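Understanding the architecture of this molecule
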Amino acid sequence: RLKLPDLNAFIPDDFSLKCEDPEEKTDPSIDYSKQPPCLLIDRPDSLRMWHKLDRTWKVPKTSIRMHLTSPNLYRSPRTMTMARLYQKVLNDDLNSFVYDASVAGCNYRVDCAPTGFRVSVTGYSEKLPNLLDTVTTRMLSLLREMKEGPEAHPGLAQKFNKAIQNLCRETKNYKLDSPYEVGSYNSRILMENPVWHVDSYIAELEGEYAEKDHLTMEECANTMEESLSRVKAEALCIGNINEKEARKVASVIDEHFLAPSRPLTEDENPKFRSFKLPTRAEAVSIFGVESTTSRSIPLIVEDVVLSESEENNSVEVILQAGSDFELGYQGVAIMELIGHIAYGSAFGQLRTKEQLGYIVSAFTRKTAGGAGSLCVVVQSSVALPEHLEERCEAWLASFRQELADMPEERLAMEAGAV
């Protein structure tokens, strides 16, 4: 039988601007666009809430972002695989809950990361707290349903099995990416700690070990429930939302995640760091073999692509500059300026003049722990990696001289562009 749908509860009818409320005093002499968000709630062991009322753009929209930090999510490849499966099942399941919200101009996103869960909702201000409450409530109720097993919820079990198949296919296909993308992944594996290799995730999804110890819906729910039992939250409310409404958002976070869990101590916070790449002397001391080639880079990692049909070669040269703490604000700004100038210079020389390949780039790169580097990436079907490496080094030498000879007026113009 035909049936009219229910009324869309997420359609807003209040488009008033909070910055125009009588209690919100706006000083026309202040440039509010340059003011950072203020710290509204500061409980370091459980919740830090940041807030900024929009007084510049004056549109009736708000963005709420929340990060739930958990030390348990990245403790093994299996727990991280469970988190990714939960994310896929949740996003699939939420379509039926928040479809009306997307029609009404509101959007949501739930992601898992090595440090925890990221939840964001954006849209018209009036209904946004309701959307956040709906999403976070379903995050928890879904775990209870998954724990009841496939017999009680066959539809949910079907979504879970589909999530396993999709995740396995996506993870395996990652190894078939273009050489420069695989090279970038390998360099991250080399420099960051802790980090799990893609092969470890594949082993959890298929193969001999996966057949002996199947991934189950109940185990996934128990693992995520354990991860959410020790969390702390950091949230940002920005846009057409005042302090009173931001505190209501904080109460939703408290009720759903913080009240049932124990707070994290500082030592329990997940810590991710980058290794310092060795000099030539340090590399010889570590690996015990002096290079017999003329290549000047002290540490070289080579790999062969998985796809037999791949015709491209790639090289990524990484020059570490130090951590954000070592560089300071001025050093970080200088690194960004160098990266901005380097991109045009490398493209002009290696791509336009030497025509080594279609993918040529030079940029600043951040790895875990705030470590900064200058990276040069070239992918080519006409030259071998050793030749690409040689040309990158030649460009670096010429780029150094280019920076030394650059007039102050040009440098100031480039800094203004950054």
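Data block above holds the structure.
Residues numbered from 1 in each chain as written. Predicted model: local features only at pLDDT ≥ 70, side-chain atom pairs only at ≥ 80, totals over all residues. Heavy atoms only, no water.

**Thoughts on the overall build of the chain**
Counting its regular elements, the chain contains 12 helices and 11 strands. Taken along the three principal axes of its C-alpha coordinates, the chain extends 75 × 70 × 50 Å. For the chain, with 418 residues in total, the buried portion stands at 40%. The contacts of the chain with a sequence gap of at least 6 include a subset with a gap of at least 24, amounting to 75%. Within the structure as shown, the chain displays about 23700 Å² of accessible surface, and the carbon and sulfur contribution to it stands at 53%. (Helix = DSSP H or I, 4+ residues; strand = E, 2+ residues; numbered from the N terminus. Buried < 20%, exposed > 50% of the residue type's maximum accessible area, 1.4 Å probe, protein only. Contact = heavy atoms within 4.5 Å. Areas by Shrake-Rupley, 256 points an atom, 1.4 Å probe, with all protein chains shown as cover.)

**Thoughts on unusual backbone geometry**
For the bond running from Asn-193 to Pro-194, omega is -5°, close enough to zero to count as cis. Mapping Pro-194 onto the fold places it in the loop between β6 (192-193) and α5 (198-205). Even without glycine at this site, Lys-58 takes up a positive phi of about 55°. Mapped onto the fold, Lys-58 is located in the loop between β2 (47-53) and β3 (61-69). Despite not being glycine, Gln-355 has its phi angle at roughly 50°, a positive value. Tracing the backbone through its elements, the reader meets Gln-355 in the loop between α10 (324-353) and β10 (359-367). For Gln-355, a relative accessible area of 55% corresponds to the exposed category.

**A short note on the nonpolar core**
The biggest cluster of nonpolar side chains holds 62 residues, and the ones touching the most others in it are Met-49, Tyr-86, Leu-131, Met-146 and Ile-253. In this structure Met-146 touches Tyr-86, Leu-156, Phe-160, Met-217, Glu-218, Cys-220 and Ala-221, once residues within four positions along its chain are discounted. (Core = buried A, V, L, I, M, F, W, Y, C linked by side-chain atoms within 4.5 Å.)

**Things to note about the pattern of salt bridges**
Following the criterion strictly, the structure yields 26 salt bridges and no others. A salt bridge links Glu-268 to Arg-230; the shortest N-O distance between them is 2.8 Å. Taken together, the residues Glu-268 in the loop between α8 (243-258) and β8 (273-274) and Arg-230 in the loop between α7 (217-227) and β7 (232-239) connect sequence positions 38 residues apart. In this structure Glu-268 comes out as partly exposed when scored by relative accessible area, which is 27%. (Salt bridge = Lys/Arg side-chain N within 4 Å of Asp/Glu carboxyl O.)

**Topic: α8**
Taken together, the buried positions of α8 are occupied by Ala-246, Val-249, Ala-250, Val-252, Ile-253, His-256, Phe-257 and Leu-258. On an axial view of α8, the arc spanned by its buried residues comes to 160°, and they lie on one face. Pointing more than 90 degrees away from the buried face of α8 are the exposed residues Lys-244, Lys-248 and Glu-255. Each element contacted by the buried residues of α8 is listed here: β1 (38-43), β2, β3, α2 (128-147) and β7. (Arc of directions from axis to C-beta.)

**Section: the sheet that holds strand β11 (residues 371-380)**
Taken in spatial order, the three strands of this open sheet run β9-β11-β10, and their pairing is antiparallel. One side of each edge strand has no neighbouring strand; the edge strands of this open sheet are β9 (313-323) and β10. Sheet twist, expressed as the average angle between the axes of neighbouring strands with direction ignored, equals 15°. Where β9 meets β11, 10 bridges bridge the pair, whose relative direction is antiparallel. Its bridge partner being in β11, Val-317 is matched across the sheet by Val-376. (Pairing = 2+ DSSP bridges. Axes fitted to C-alpha atoms, helices over the stretch in contact; angles between N-to-C directions.)

**Brief notes about the sheet that holds strand β4 (residues 107-113)**
Pairing is mixed in the open sheet, where six strands are placed in the order β1-β2-β7-β3-β5-β4. If you trace the sheet from one side to the other, it starts and ends with β1 and β4, each paired once. Strand-to-strand twist across the sheet, computed as the mean angle between neighbouring axes with direction ignored, equals 10°. Note: β2 against β7, seven bridges, orientation parallel. The residue bridging Trp-50 from the neighbouring strand is Leu-236, located in β7. Helix α1 (residues 77-103) contacts β4 and β5 (116-124) of the sheet and is inclined by roughly 170° relative to β4.

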